[in-house]
Amino acid sequence: MKRCTALTKIGTITVLALAVAVCFCRAAAAADSPGSDELPAVPTSAADFIPAPGDYDGDGKTDMALKGINGVWYIDLAANGFGGLWDLVFTGYGFSSALPVPADYDHDSKTDLSIKDSNGFWGIDYAAGGFGVWDVALTGYGDAASVPVPADYDGDGKADLAVKASTGDWYINYSSDGFATGWNAHVTGYGNASAIPVPADYDGDHRADLAVKDSGGCWYIDYASNGYAGWNEIRCGYGDATAVPVPADYDNDGRADLAVKGNDGKWYVDYAANGFLGWNAIYSGRGDNSAIAVPGDYDGDGALDLSVYSTINGYWSIDYAANGFSFWDTQIDNTSRAVINTTRPYITSTTIYGDGNVAVSQMTVGVRYTVDVVIHRGSGADNAVGLEINDALNVPAALQMVHRNGSTYVADMTVGGSVTSTHRRYALTPIQPGNFPLGFQLRNAAPYSPGNFVFNPDYGIRVLCVSPPQTGLSGRVTQRIQNAQGVFVAGPAIAGATVTLVSSGGITTTTDSQ
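Definitions and limits used
- Residues numbered from 1 in each chain as written.
- Predicted model: local features only at pLDDT ≥ 70, side-chain atom pairs only at ≥ 80, totals over all residues.
- Heavy atoms only, no water.
- Helix = DSSP H or I, 4+ residues; strand = E, 2+ residues; numbered from the N terminus.
- Contact = heavy atoms within 4.5 Å.
- Salt bridge = Lys/Arg side-chain N within 4 Å of Asp/Glu carboxyl O.
- Buried < 20%, exposed > 50% of the residue type's maximum accessible area, 1.4 Å probe, protein only.
- Pairing = 2+ DSSP bridges.

Engineer: Outline the environment of Gly230, listing residues and values.
Structural biologist: Mapped onto the elements, Gly230 comes out in the loop between strand 15 (219-222) and strand 16 (233-235). Sequence spacing of Gly230 and Tyr220 is 10 residues, and the spatial spacing of their C-alpha atoms is 9.4 Å. Ignoring any residue separated from it by four or fewer positions in sequence, one finds Gly230 in contact with Tyr190 and Asp222.

Spelled out as structure tokens, the structure:
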């Protein structure tokens, strides 16, 4: 079941793992599950995002995606064209040190959300059931120095869990058994701490080969076809320590090619078809060391496109293979849609609670729920304003707002004031099943100035509503009481009273028999 707090405001497997490993190894932070109440760090610059491209909707096109240090995953689907508002925004996917490792772990042709943190936690949220909460939550998968390198090592079409330790040990847990047995394979002697892991299918047998690129520019490959027993290929002269490896199938022949992106802005490719004898193609003007290489098939034509994400200005640039690699065909400013202005009030979390003040994993039609929105004051000196959460802007008709805790919140939210954050609570009842966006915006409310000013836009949450399991169910009627936190919850049962659910046309109503 998928959590209602799933969507909130706030290439290849190998290429992505390398971008993470080379550019974003950070200090430890515990991985959280979607909907965590912990206040995350706030992304304030392009460097606070890790690019995590993948085919999240299974349409054969690579989608742009960013994972922020606040645990929020932003997805821009290629199917809808790049730019504008984010198509999907999910919260609770690990904070600053949780590395994104999206891949197709269940072989449904859709990229699954996944992270590996420095404590050895590995979480997977399968796309098949909708995103929102971990379907797989595992511990013991390496420390902070263990670089995650998920790939299909056994050729079953599913990405396997794998890490390369700083000692040169390589551990693999095959997905075929549902990750139930821990590490299935352990090999030693595969590079020291500075050797960057670059697993890929270099010989076209549909299995990822073990490989590393060292700081001296040598590339080592151990083909899966003959078992992992030592290096089968050692090729040198492939860039210095600053050249970031980005192996992928650039000529669409089913084999990964050797490739690096240098600090000089050049992209070098050596096609596997020619036997790895030196660079076959060199493309200039591809960004300096602040530009992370994120190649992928962004237009779905079966050919790999060159692409980078800039950690300086947040631009995602694509050069499509279809018209030849000359220069960028598309440049999208992604971080302008995700960076939070911390000088202004902003929403830090949105959670939906059911009976007993328990966060729910999905909502049932006809049942009342509490929406809890947490607002931070920001650091600016001009925040002594009335804050309005305007539900009328984007609350879908399928979600009936039945109670609000006032329309505005007025408090001294200036720096040095007593109020640093506040909760706003609403009650709603879904009246039809489906998967709906529920969003809010912060505005300063009259008579405060400046009038009608929108603070940080809130992308809301995605609410999964389901029909009751069957009609004709009877249950107890309980008193509605308010707990110490001000949340209304179910109280003692009322003797002799029952409620029967009656469904018609997808809309469920309740009838009190007393």
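Engineer: Give me the lowdown on the pattern of salt bridges, citing residues and values where you can.
Structural biologist: For side chains of opposite charge, pairing can occur when their charged atoms come near one another. Per the counting criterion, the structure on display carries five salt bridges. Here Arg235 ties to Glu233 by a salt bridge, and the two come within 3.0 Å at their closest N and O atoms. A relative accessible area of 25% places Arg235 in the partly exposed class. For Asp319, the salt bridge identified is with Arg286, shortest N-O distance 2.8 Å. Here Arg286 lies in the loop between strand 20 (281-283) and strand 21 (291-293) and Asp319 lies in strand 23 (residues 315-319), a separation of 33 residues in the sequence. Assigned by exposure class, Asp319 and Arg286 land together as buried.

Engineer: Give me the sheet that holds strand 14 (residues 210-213): which residues, what numbers.
Structural biologist: Strand order in the open sheet made by the four strands is 13-14-15-16, with antiparallel pairing throughout. Taken across any chain shown, the strands that pair with only one partner, and hence form the sheet edges, are strand 13 (196-197) and strand 16. Sheet topology note: the strand 15/strand 16 ladder contains three bridges and is antiparallel. Residue pairing in the sheet places Ile221 in a bridge with Glu233 of strand 16.

Engineer: Run through the side chain of Ser175, naming residues and quoting values.
Structural biologist: Here Ser175 lies in the loop between strand 11 (170-173) and strand 12 (185-187). Setting aside residues no more than four positions away along its own chain, Ser175 makes contact with Tyr105, Asp156, Lys158, Ala159 and Asp160.

Engineer: Could you give an account of the sheet that holds strand 7 (residues 122-125), with specific residues and numbers?
Structural biologist: Taking strand neighbours across the sheet as the criterion, the four strands line up as 5-6-7-8 in an open arrangement whose pairing is antiparallel. Of all strands in the sheet, those with a lone pairing partner are strand 5 (99-100) and strand 8 (136-138), marking the two edges. As defined by bridge partners, strand 6 (residues 113-116) adjoins strand 7 across four bridges and the pair is classed as antiparallel. Looking at the pairing, Ile115 lines up with Gly123 of strand 7.

Engineer: Tell me what's going on with the pairing of strand 19 (residues 267-270), and back it up with residues and numbers.
Structural biologist: Here strand 19 shows two buried faces, one formed by Trp267 and Val269 and the other by Tyr268 and Asp270. Of the pairings in the sheet, the one linking strand 18 (residues 258-261) to strand 19 comprises four bridges and is antiparallel in character. Following the sheet pairing, Val260 is matched in strand 19 by Tyr268. Linking two consecutive strands that pair antiparallel, namely strand 18 and strand 19, is a turn of five residues; a positive phi of about 85° is found at Gly265 within it. Two elements, strand 19 and strand 20, share three bridges in a ladder whose sense is antiparallel. Within the sheet, the bridge partner assigned to Trp267 lies in strand 20 and is Tyr283.

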